[in-house]
Amino acid sequence: MEDAMLRLILLFPLAGFLFNAFLGKRAGERVVSWVGPASIFFSFATGVYFMSQLAGLGEHGYIRDVIFTWIASGEVSIPFSIVFDHLSGWMVLVVTGVGFLIHVYSIGYMHGDKGYYRYFAYLNLFVFMMLVLVLGSNLLLMFLGWEGVGLCSYLLIGFWFTEEERARAGMKAFIVNRIGDLGFILGIATLLWGSAVVSHPTVEFSQLQAVVPRLPEWVVLAATLLLFVGATGKSAQIPLYVWLPDAMAGPTPVSALIHAATMVTAGVYMVARMNFAYSAAPLAMDVVAGVGVATAFFAATMGLVATDIKKVLAYSTVSQLGYMFVGVGVGAYAGGMFHLTTHAFFKALLFLGAGSVIHGMSGEQDIRKMGGLKDKMPWTYRVFLIEGLALAGIPPFAGFFSKDEILFKAFASGHKLIWAVGIAAAFMTAFYTFRLIFLVFYNTPRYDESVHPHESPPVMIIPMAILAVLSFIGGFVLGFPHHSLIEAFMEGVFRHGVEIHGASGLEMGLMFLSTIVAVAGWAVAYRMYVVDTTLPEKIAQRFKAAYALLFNRYWVDEIYDTLFVKTYLGISDGIMRYIVDDVIIEGFLNTAARTSLGTGRQLRKLQTGDVQAYGFAMLAGVLLVLAYIVWRWAT
Amino acid sequence: MIVEWVIRALGIIAVLSALVAITRRNPIYSAVFLGLNFLCLGGIFTFYVSPFVGAVQIIVYAGAILVLFVLAIMILNLRDEDLGPSRRTVVKFFAVIAAIGVVWLIITITAGFVPPGREAGTISAAQVGRALLEAHVVAFEVISVLLITAVVGAVVLAKKRMEV
Amino acid sequence: MFGELIILSAVLFAVGAVGFLTRRNAFVVLMSLELMLNAANVVFVAASKQWGGPEGLASVLIVIAIAAAEAAVALAALLALFRVVGTEKIDEWRALRG
């Protein structure tokens, strides 16, 4: 179905961006506080309207809006068109829904900031770009959004750019993502080339679906792997996850929206969107699942010892994204999307909660300097606890159902090793979550007496409460085992997903096991951080090497720095000095300059500056031309 | 027949006045003889083909351009001692040789050239106007741009003391 | 008649050229330029008659317009230059010598 109204979803945030960017400064904080969130809310409302339209179109139904022809070059014609189907529609609701709540929260969090309007302009632009990414009907449009959200991410990480460290973090995120984006571009190019060979060049999802089965297997494998390289950058997977912990330098609502709920899940969405291609390349699927589970595990280990409240959550996000990739990697696309959704709820909320804590603690982020905040910030504590339970995977909270869905699908589809590692990561997840909660909210305060923790204003608490409700009920409403709403909803999109019927006994068993693991994580954390608070220190002393390894995050940043950054700088420095300087500048350029200088020095003697001498030359020319004519006449 | 002889006479006067004009030491005399040259050419145009173009030739050249020259010369108001020696003889010699060469070559070229013999009587101003405003209207409009540019340029150049 | 006018034109052009090349006074040099432009006009007029069309005469008008514009700008430039350099001797204006 075609509907030109669909573009309204994009236009509202765009209009919000334009207003805030160009008039926001003059309009003042009050107006910006209305325009920013309202533009996202209208977009959300439009999304809900089209969702209801979609319901009447059957499971393969979609709504399309071709806005204009974006690129027309020879045989290649790429429209700027957006498609609202069961998958992209779902993402639209998640992005605009969570996005709206975070916009509202930001009103309180960013209150009084000098760059208030700039912040909302970026945030609106981000939502616009994210919607382009999600709704784009072809890979290139997705890439446009992909780059656009990367840009906003960069701008917002470095929002307080006057501090060098924060500006650097933004730069790091941008550069690391660039590496992934190169893979993405190459992936698009591979598909464009492949489709041109077998029929006509296209990057339209709907047409690729018909083209992919006709492509040689290695082409599909290459394309999907290259696209996945892009996903590892944007979704912070091994080996390109290093930017996300640093990205916490941005304002906390940004971490919640971009670096937890939406942008970082773009890679998962991309794999789900390209499911037809990934299903045609089993090896690529295994790579996705393998990288996912490895990331889930290693990020969780790093989360165990992190001391910055936001870094704990950042590693947790990396780890949970790993789960999502396990989900899409074993063919449980709906499961991956399910976890994406619940994660958007509870991780966004965790960040908002962390933001509330930081706000109340006047900017303190080190959890070793917190403690006992339970009574000072009761509401924040409550929502944080719900989120923690959801993240840790305690039933009946949302994270339990979605994570378990993925682990069960992995087990049932025969990826038993992945399942085992995933369970181990789940244990650590529960442990670090409760470690965080206990350290922040329990025991005696460890902060300075100068700090007076206070509860946040309602404009921050209410969005948190809504998200808390969502992450409490979201799990069993959307994805109750065997009655999964989300799976049924997206059935038309994921024709290639794994089908697992029966085996409910096995599923029950695995669920029970996960619950035990989660509770065990809680119990260990309780023992170490509430009952006997000297225990962590002792353990760290005992396993000094392991602790150092984790605390320094496996020295990955340092290794990258030596291996890539320093090498690169060395090489480019060498090229600059020995090739550019010595050969090109000294050699070519100086020679050329000397030659032209010398030639000019000789030639300028011809220039007498005497007009009449030039007249003579002209007359001589006239004579020559006339003489030539006479000579031609004669012969 | 009479007309042809008149034209020939005017042509001879034109050449002579031109020769005089370029050899006078005082530019005022040069201007006067140049004016005579313009008048002769205007006469030739008038008798040969078009009184209109002849009139324009006399009005613009003799009336406007030459007055401009005289005015400029008067403004500078050069005295006799400023009119230093002329160029070296060798320069003059080569210039004259080259000029004679040009004349000889042109005559050689055109001597073997037989033009179409559709001689018209006179060409009216209306015909000229039509040619300018129909077929060559772009050139006509460009000329207007050129003139306004020249006006502006002349004002700018002459008005202010240039800083070097 | 046509051939004779061509010769007249050639001679006028040659006289103008000699004036342009040999005179040191900038005014006379400019006048020589006008002479050469007029030589071109003579050809146009002659050709117009010979070919029986008005195009040649239209060209004459255009040449006259250009000559007027040129004279105005050139004289203005000359006056300005004279103010700076203090001489109208064209061979002494050699600031552009290489």
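Predicted model, so just to flag it, every value in this text is computed and none were measured.

Take the packing of aromatic side chains next. Under the defined criterion, the tally for this structure stands at 40 aromatic pairs over all chains. Their ring planes at 55° and their centres at 5.1 Å tell us that F41 of chain A and F100 of chain A sit as a pair that is tilted. Of this pair, F41 of chain A sits in helix α2 (residues 24–55) while F100 of chain A is found in helix α3 (residues 86–109), placing the two residues 59 residues apart along the sequence. Among the aromatic residues, ring-to-ring pairing joins Y381, F384, F434, F438, F441, Y442, W522 and Y526 of chain A into one connected group. If you follow K416 of chain A out to its NZ or CZ, it ends over the ring of F411 of chain A, 5.0 Å from the centre. The residue whose ring lies beneath K49 of chain C is Y48 of chain B, and the NZ or CZ to ring-centre distance is 5.1 Å.

Looking now at the interface of chain C and chain B. If you look at the interface, chain C gives 67 residues, while chain B gives 81 residues. Carbon and sulfur atoms make up 79% of the area that chain C and chain B hide from each other, which totals about 6500 Å². Area buried by chain C at its contact with chain B is led by M1, M31 and K49 of chain C, which between them contribute 11% of it. Where chain C touches chain B, the interface holds one salt bridge. Measuring nitrogen to oxygen at the nearest pair gives 2.3 Å for the salt bridge that ties E4 of chain C to R8 of chain B. Our count for the chain C to chain B interface comes out at five residue pairs in polar contact (both at pLDDT 80 or more). Ranked by residue count, the leading element in the side of chain C that touches chain B is helix α3 (residues 55–85) of chain C, at 24 residues. Here the residues of the side of chain C that touches chain B are counted per class, giving 47 nonpolar, ten polar and ten charged.

Turning our attention to the environment of L215 of chain A. Residues and elements named next belong to chain A. Considering the arrangement of structural elements, one finds L215 in the loop between α7 (205–211) and α8 (217–234). Each C-alpha atom, one on L215 and one on V198, is 7.0 Å from the other, the two residues being 17 residues apart in sequence. Apart from residues lying up to four places away in sequence, L215 is in contact with L191, G194, S195, V198 and V220.

Along the chain, A21 of chain B falls in helix α1 (residues 2–23). A relative accessible area of 4% means that A21 of chain B is categorised as buried. In this view, A21 of chain B contacts S30, F33 and L34 of chain B together with R23 and V28 of chain C; residues no more than four positions away in its chain are not counted.

Structurally, S402 of chain A is set in helix α17 (residues 398–412). Aside from chain neighbours lying at most four places away, what touches S402 of chain A is F338, H339 and T342 of chain A.

Now for the interface of chain B and chain A. Tallying the contact residues gives twelve residues for chain B and ten residues for chain A. When chain B packs against chain A, the two sides together hide about 960 Å² of surface, and 83% of this comes from carbon and sulfur. Where chain B meets chain A, there are zero residue pairs in polar contact (both at pLDDT 80 or more). Here the residues of the side of chain B that touches chain A sort into nine nonpolar, two polar and one charged.

An α-helix turns once per 3.6 residues; consequently, residues spaced three or four apart project the same way. Between the first and last C-alpha of helix α6 (residues 137–159) of chain B there are 33 Å, a value that for 23 residues agrees with the 33 Å anticipated at 1.5 Å per step. Of the positions making up α6 of chain B, those classed as buried are I143, A150 and A154 of chain B. On its buried face, α6 of chain B sits against α3 of chain C.

What follows deals with the packing of helix α25 (residues 611–634) of chain A against helix α1 (residues 2–22) of chain C. With their axes 8 Å apart at the nearest point, α25 of chain A and α1 of chain C run at an angle of 145° to one another. For the pair α25 of chain A and α1 of chain C, contact is made by V611, Q612, G615, F616 and L619 of chain A and by F13, A17, F20, L21 and T22 of chain C, respectively. Class assignment for the residues of the contact of α25 of chain A with α1 of chain C results in seven nonpolar, three polar and no charged.

Here is what the cut-offs are and how they apply
- Residues numbered from 1 in each chain as written.
- Chains lettered and ligands numbered in written order.
- Predicted model: local features only at pLDDT ≥ 70, side-chain atom pairs only at ≥ 80, totals over all residues.
- Heavy atoms only, no water.
- Phe/Tyr/Trp six-rings, centres within 6.5 Å; stacked < 30°, edge-to-face > 60°.
- Helix = DSSP H or I, 4+ residues; strand = E, 2+ residues; numbered from the N terminus.
- Lys NZ or Arg CZ within 6 Å of the ring centre and 35° of its normal.
- Contact = heavy atoms within 4.5 Å.
- Buried area = accessible area lost by both parts, 1.4 Å probe.
- Salt bridge = Lys/Arg side-chain N within 4 Å of Asp/Glu carboxyl O.
- Polar contact = N/O pair within 3.5 Å; in protein donor to acceptor, adjacent residues only side chain to side chain.
- Nonpolar A, V, L, I, M, F, W, Y, C, P; charged D, E, K, R; others polar.
- Buried < 20%, exposed > 50% of the residue type's maximum accessible area, 1.4 Å probe, protein only.
- Expected span 1.5 Å × (residues − 1).
- Axes fitted to C-alpha atoms, helices over the stretch in contact; angles between N-to-C directions.

Scope: geometric values only; no functional claims are made or implied.
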